[in-house]
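Report on the structure
Here is what each chain is made of, one letter per residue.
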Amino acid sequence: MKSKRRCLEEISTDKSAEPPCVSSVSYQTLKDSTLIGRRIIDLGYFFNRLREIGNHGPFNCSLSNMTIVSDVRKGLRIGIELKCNMCFITEIVWSENPDSNKMPINTAAVSGIMTTGGGYSNLEDILSALDIPSMTSHTFQKERDRISAAWEETAAKEMHNAAMEEKRLAIEAGEIDADGIPLLTVVADGSWAKRSYRTNYSSLSGAVCCNSRISNEESFIPGSAKQILLRLLQSK
């Protein structure tokens with residue numbers, strides 16, 4: 001009773017003061033956090049998530065009651081943390097659906113820059129020009145390793161399938177040796193780096209292309225580029 005009387009006395013004596021007897025929660029923490037720059041979002045998914053949290057809580061709160069607390073960054077994938085200033089519920093709205101079958105934004109960005117022959121610094125320059133926060137070098141390297149392994153696996157599978165098709169065509173054409181092994185006629189070319197800066201240097205890696213004479217498809221030949229070329233030169 002004394003506390004209520006004290007509140008009434010404060011109201012009657014000082015009308016210009018802030019309303020007393022309010023919640024002790026600091027409303028300064030519920031002000032919108034400033035997000036600087038641009039972001040890449042899946043517009044359809046992002047809008048649907050905002051509609052889902054539009055009406056929530058026991059007080060029928062709306063989206064206008066939600067304030068931005070912070071953003072969570074995982075490379076180019078971001079989550080915006082929202083908090084209601086009425087019921088204090090917290091939601092994180094991500095820039096893309098984590099359960100989607102589409103290629104994730106981080107993988108897509110790294111894959112795209114790799115197809116142009118670029119690297120992390122090139123991606124960083126492009127994102128900087130677009131005013132989009134870049135991913136860390138660690139995230140880039142992690143995605144790059146995964147993409148490189150997938151590309152290598154896919155390329156090996158395609159070349160193996162081409163060799164099996166060439167084997168079938170060779171058998172149909174009767175191009176087999178005395179032991180029944182198909183003879184595949186290919187046109188091969190390749191190279192490996194050689195530099196001479198006071199000391200002769202030959203790279204252990206290079207590029208080899210073996211195309212079938214019949215189907216013109218690339219065939220799979222195991223071994224490093226240098227080993228393959230040496231075997232081809234020795235066979236002439």
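If you check an unreviewed UniProt entry, the chain appears there as Mutator-like transposase domain-containing protein from Araneus ventricosus.

Some words on the packing of helix H3 (residues 105-115) against helix H5 (residues 137-172)
The N-to-C vectors of H3 and H5 enclose an angle of 70°; their axes lie 9 Å apart at closest approach. Taken together, H3 and H5 sit at an angle that is classed as roughly perpendicular. Of the two possible hands of crossing, H3 and H5 adopt the one that is right-handed. Between H3 and H5, the contacting residues are Asn 106, Thr 107, Val 110, Ser 111, Ile 113, Met 114 and Thr 115 on the first element and Phe 140, Glu 143, Arg 144, Arg 146, Ile 147, Ser 148 and Trp 151 on the second. Partitioning the contact of H3 with H5 into residue classes produces six nonpolar, five polar and three charged.

Description of the sheet that holds strand S3 (residues 90-94)
Taken in spatial order, the three strands make up an open sheet running S1-S2-S3, and their pairing is antiparallel. Because the sheet does not close on itself, it has two edges, and the strands there are strand S1 (66-74) and S3. Averaged over all pairs of adjacent strands, the angle between strand axes in this sheet comes to 25°, irrespective of strand direction. Direction of pairing for S1 relative to strand S2 (residues 77-84): antiparallel, over a ladder of eight bridges. Within S2, the residue paired with Val 72 across the bridge is Gly 79.

Overview of the pairing of S3
In the sheet, S2 pairs with S3 via five bridges, with the strands oriented antiparallel. The partner of Leu 82 across the bridge, within S3, is Glu 91.

Some details on the state of the cysteines
By the definition in use, this model includes zero disulfides. Here Cys 84 stays free of any disulfide, with the sulfur of Cys 61 as its closest cysteine sulfur at 3.6 Å. Distance from the sulfur of Cys 87, which forms no disulfide, to the nearest cysteine sulfur (Cys 84) is 3.7 Å.

Observations regarding the nonpolar core
One finds Leu 76, Ile 105, Ala 109, Val 110, Ile 113, Met 114, Leu 123, Leu 127, Ile 132, Met 135, Phe 140 and Ile 147 forming the largest nonpolar core, which totals twelve residues. Those elements giving two or more residues to this core turn out to be H3, helix H4 (120-129) and H5. Examining the composition of this core, we find that five residues originate from one element, H3, more than from any other. Leaving out residues up to four positions away in the same chain, Ala 109 has contacts with Leu 76, Leu 123 and Met 135. With ten residues, the next largest nonpolar core counts Ile 53, Met 66, Leu 82 and Cys 84 among its residues.

Rules behind the numbers
- Residues numbered from 1 in each chain as written.
- Predicted model: local features only at pLDDT ≥ 70, side-chain atom pairs only at ≥ 80, totals over all residues.
- Heavy atoms only, no water.
- Axes fitted to C-alpha atoms, helices over the stretch in contact; angles between N-to-C directions.
- Helix = DSSP H or I, 4+ residues; strand = E, 2+ residues; numbered from the N terminus.
- Parallel < 35°, antiparallel > 145°, perpendicular 65-115°, else oblique.
- Left-handed = near helix turned anticlockwise from the far one by under 90°.
- Contact = heavy atoms within 4.5 Å.
- Nonpolar A, V, L, I, M, F, W, Y, C, P; charged D, E, K, R; others polar.
- Pairing = 2+ DSSP bridges.
- Disulfide = S-S within 2.5 Å.
- Core = buried A, V, L, I, M, F, W, Y, C linked by side-chain atoms within 4.5 Å.
- Buried < 20%, exposed > 50% of the residue type's maximum accessible area, 1.4 Å probe, protein only.

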